[in-house]
Amino acid sequence: MKPHSFEYLRPASIEETVACLARHSEDARIIAGGLSLVAMMNFRLVETKFLVDVANIKALNYIRVDADHIEVGAATTQAQLLAWPELASLSPLLAKGMPFIGHFQTRARGTVGGSIAHSDPSSELPLCLITLGGSVMLRSKAGSREVTAEDFQVGLMQTSRRPDEMVVAVRFPIRKKGAGYSFLEMAMRKGDLAICAVAAEVRDGSIRLGVGGVADKPAVREWKDLGDAALDEALNEFAWDLGGSDDVHATATFRRQLIRRLGRRAILEARECRN
Amino acid sequence: MSQLNNDGRSSVSFILNGNPVTGYAEPRMLLTDFLREEMGLTEIHVGCEHGVCGACTIRMDGLPARACLTFAIQAEGHRIDTVQSLAQPSGVLSDLQLAFRKHHALQCGYCTPGILMSSSAFLEINHDPSEEEVRDMLSGHLCRCTGYVGMVRAILEVARNRISA
Ligand code: FES
Ligand code: FES
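Residues numbered from 1 in each chain as written. Chains lettered and ligands numbered in written order. Predicted model: local features only at pLDDT ≥ 70, side-chain atom pairs only at ≥ 80, totals over all residues. Heavy atoms only, no water.

What follows concerns the overall build of chain B. Secondary structure assignment for chain B yields five helices and six strands. Listing every helix and strand of chain B by position from the N terminus yields β-β-β-α-β-β-β-α-α-α-α. For chain B, the C-alpha radius of gyration of 16 Å lies close to 15 Å, the compact-globule estimate for 165 residues. Here the C-alpha coordinates of chain B stretch approximately 50 × 30 × 25 Å along the principal axes. In chain B, which comprises 165 residues, the proportion classed as buried is 53%. The long-range fraction of contacts in chain B, counting pairs at least 24 apart against all pairs at least 6 apart in sequence, stands at 52%. Total accessible area on chain B stands at roughly 7400 Å², and carbon and sulfur atoms take up 50% of it. (Helix = DSSP H or I, 4+ residues; strand = E, 2+ residues; numbered from the N terminus. Rg over C-alpha atoms; globule rule 2.2 N^0.38 Å. Buried < 20%, exposed > 50% of the residue type's maximum accessible area, 1.4 Å probe, protein only. Contact = heavy atoms within 4.5 Å. Areas by Shrake-Rupley, 256 points an atom, 1.4 Å probe, with all protein chains shown as cover.)

Moving on, we come to empty space enclosed by the protein. Any space left empty among the atoms is revealed by the rolling of a water-sized probe across them. Under the defined criterion, the tally for this structure stands at two cavities of 30 Å³ or more. In this structure, the largest cavity occupies an estimated 60 Å³ of space. If you go around the largest cavity, the residues you meet are Ile116, Ser119, Pro126, Leu129, Ile130, Val136, Ala149, Phe152, Gln153 and Pro218 of chain A. Listed by contribution, the elements that provide at least two residues to the lining of the largest cavity are helix H8 (124-132) and helix H9 (149-152) of chain A. The biggest single contributor to the lining of the largest cavity is H8 of chain A, with three residues. Here the lining of the largest cavity is composed, by residue class, of eight nonpolar, two polar and no charged. In this structure, the second largest cavity occupies an estimated 40 Å³ of space. As for the second largest cavity, its lining consists of Glu43, Ile44, His45, Ala55, Cys56, Thr57, Ile58, Thr82, Val83, Pro113, Gly114 and Met117 of chain B. (1 Å grid on protein atoms, 1.4 Å probe; cavity = no way out; pocket = protein on both sides within 12 Å on 5 of 7 lines; lining within 4 Å. Points joined across faces, edges and corners; volume = space filled by probe spheres on them. Nonpolar A, V, L, I, M, F, W, Y, C, P; charged D, E, K, R; others polar.)

Residues and elements named next belong to chain B. Domain boundaries in chain B define domain 1 (10-85) and domain 2 (87-164). Relative to domain 2, the C-alpha centre of domain 1 lies at a distance of 21 Å. Tallying the contact residues gives 20 residues for domain 1 and 16 residues for domain 2. A buried area of about 1300 Å², summed over both sides, lies between domain 1 and domain 2, and 57% of it is on carbon and sulfur atoms. Three residues, His45, Arg59 and Val83, lead the burial of domain 1 against domain 2; their summed loss comes to 42% of the area buried on that side. Note that Arg59 and Glu124 form a salt bridge whose closest N and O atoms lie 2.7 Å from each other. Counting across the domain 1 and domain 2 interface gives seven residue pairs in polar contact (both at pLDDT 80 or more). Mapped onto the side of domain 1 that touches domain 2, the elements with two or more residues apiece are strand E4 (57-60) and strand E5 (63-66). For the side of domain 1 that touches domain 2, the residue count by class is eight nonpolar, eight polar and four charged. (Domains from an automatic or database assignment. Buried area = accessible area lost by both parts, 1.4 Å probe. Salt bridge = Lys/Arg side-chain N within 4 Å of Asp/Glu carboxyl O. Polar contact = N/O pair within 3.5 Å; in protein donor to acceptor, adjacent residues only side chain to side chain.)

Structure (structure tokens):
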């Protein structure tokens, strides 16, 4: 299928992009890699009057480290971040989770900011971001603001980004001292959308578990360190709270079971990797 | 800032298989259609038009890209390579193509140009891949008639031969 017609804009800088959003707001959509957006445009699930291409804006392509965060420019590709030599040591969770994003071919053009802005409930990057307690940097003509991952994604492909704002960077907290991480996912085939994905961060005395692919957005729960029986109990409760629904890929019952099983395995694995 | 209207066609220029080319496209024209219809490159195969099957995979600035998820105008100023870039101008096939032939890694050939473009990019990044890594890379493609065993063998053999060469 072919997309609807639109006007194409290629701003040369962040400033030009936000000026363009200020002018067109809801009528404009930003494109970077286009891996999710163009598929939806081809299906005519998305129509837009103006398509604003930011893929070539250099100021959106960087990986920077400060005291406790890795800041990734929005148009940095997933492949660039995955190939970054510090990734495994500074963010074991991203190093474990990112290979599950699509395929070699799609990660080459798919961007970090695009995946966060698109906010698919079964996407790996939004799940990692919320589990780590990261944030999203937004910019508009009026200024910049930082929104926590928790507040950013509000529902199924819905975020708190205002129409005149663009995602300029994503901030992932660096691995915490003494913490262990794990990421597991179940899909029909590797690279397909997750039926259920889990991300775990285990520290001295605390467990954080994020679950994607089940509710309308990734969800996180934090517990004090739990013994075996209490852990099963807690996971079961989490599974029922998220509910899940039946679709062509899996039943809600199966999804809840995946939370219990994958959740448990991820937590045990993360505990093993603590240092 | 460049701005292209939805109703008119604008010129698009890029480097196609090593040669500068210019054509005309509306913003909504997909790169698949542009390469097939404006440039006459029938090796661009379209399977699904939503990024799943991999048949349309080309290389953009050396990296694999789904042409069906790229607008032609986004290619402006970039380097685009299709499967024609692999063989020498004299028609001598590349080592990868010869290995595909030797290992019967294709039957109908519909998926093959895309898979060759991914594999050629992959082998430049990963010189000594494991079978698992090759299979992981191939998971971005669908082949509906041959299966993947021959492809895995071909790609691993090329990697080994390049290392020992
Ligand atoms: S036609 Fe492009 S991936 Fe299927
Ligand atoms: S050779 Fe026929 S689809 Fe792969």
